[in-house]
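The residues making up each chain are set out below.
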Amino acid sequence: MKQIYLDHHKALFQYGMRMLLDEEACRDCIHNLFVKIWTNRKSLRYTDNIKYYLISALRNEIINYKTKENRYDHQPLNVEEFMLDFSVESAYIRKEEANEQTKKMADAMNQLTARQKEIIYLRFFEELDYDQIAEMMDITVKGAYKLSARAIDALKEIMQVDKVVLIGMLLSAKHQLWY
């Protein structure tokens, strides 16, 4: 269990922060997730993709957290507020803001809808497949393909680059911008 946490806590925190924008709440949700896993460890089924399982479970934990929080705040639950902000991700990014390519990518991503940002993140940064993304986002697999294609097309138009170049940029951005 400790190794699973060590291997995945960074990715879980990055994903959680995009939905919550609150470090303490994000850490609480991750903590609650691992407590539930530990408590229910004997009844959990085998999974061949622990990363998918953890991200999906964290997403559900965050939705539950927001639902409870909204009972007290009387604000509508909006899981559409998925944030993907490159400029505050890490010290590395702050140092590299002068880099025109990074700025261009951040500006373009900020013009996407929350769902488009989320699918780009899940597909290219977490490397989940479309079946997993569809289940996680509560859409059909066909819908996941369409949403991804529309997000990529929107980025392509915004950045005025070829689709192949854009895909390469997204794949390389994972290593440059998230770690």
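Heads up: the structure comes first, above all this text.
Residues numbered from 1 in each chain as written. Predicted model: local features only at pLDDT ≥ 70, side-chain atom pairs only at ≥ 80, totals over all residues. Heavy atoms only, no water.

A. Main features of the pattern of salt bridges. With the rule as written, the count across this model stands at 4 salt bridges. One salt bridge connects Glu 126 with Lys 51, and the closest N-O pair in it is separated by 3.2 Å. Here Glu 126, found in the loop between α6 (114-125) and α7 (130-137), pairs with Lys 51, found in helix α3 (residues 50-73); they are 75 residues apart in sequence, far enough to count as distant. For Glu 126, a relative accessible area of 2% gives the class buried. For Glu 118, the salt bridge goes to Arg 59, with nearest N and O atoms at 3.1 Å. You can see Glu 118 sitting in helix α6 and its partner Arg 59 sitting in helix α3, a full 59 residues away along the chain. The two residues Glu 118 and Arg 59 agree in class, both being buried. (Salt bridge = Lys/Arg side-chain N within 4 Å of Asp/Glu carboxyl O. Helix = DSSP H or I, 4+ residues; strand = E, 2+ residues; numbered from the N terminus. Buried < 20%, exposed > 50% of the residue type's maximum accessible area, 1.4 Å probe, protein only.)

B. Inspection of the packing of aromatic side chains at higher detail. Applying the stated rule across the entire model yields 4 aromatic pairs. A ring pair is formed by Tyr 121 and Phe 125, whose centres lie 5.9 Å apart and whose planes are at 15°; its orientation type is stacked. Taken together, the residues span about one helical turn, with Tyr 121 and Phe 125 both in helix α6 at a distance of 4 residues. As far as the burial class goes, Tyr 121 and Phe 125 line up, both buried. Consider the rings of Tyr 130 and Tyr 145, whose centres lie 4.0 Å apart with planes at 25°: the pair is stacked. With a gap of 15 residues between them, Tyr 130 in helix α7 and Tyr 145 in helix α8 (residues 141-159) connect regions that are remote in the sequence. (Phe/Tyr/Trp six-rings, centres within 6.5 Å; stacked < 30°, edge-to-face > 60°.)

C. Local environment of α8. With 19 residues, α8 should cover 27 Å at 1.5 Å per step; its first-to-last C-alpha distance of 27 Å lies within 8% of that length. Of the residues making up α8, those classed as buried are Ala 144, Leu 147, Ser 148, Ala 151, Ile 152, Leu 155 and Met 159. Projection of α8 onto a plane perpendicular to its axis shows the buried side chains occupying an angular sector of 130°, all on one side. Residues Lys 142, Arg 150 and Glu 157 are exposed on α8 and point more than 90 degrees away from its buried face. Phi turns positive one or two residues past the end of α8, at Gln 160, with a value near 55°. (Expected span 1.5 Å × (residues − 1). Arc of directions from axis to C-beta.)

D. Representation of the side chain of Arg 59 in the model. Assessed through its relative accessible area of 5%, Arg 59 is described here as buried. A polar side-chain atom of Arg 59 sits 3.1 Å from a polar atom in the side chain of Glu 118. Those residues in contact with Arg 59 that sit more than four places away from it in its chain are Tyr 15, Met 19, Arg 115, Glu 118, Met 136 and Met 137. (Polar contact = N/O pair within 3.5 Å; in protein donor to acceptor, adjacent residues only side chain to side chain. Contact = heavy atoms within 4.5 Å.)

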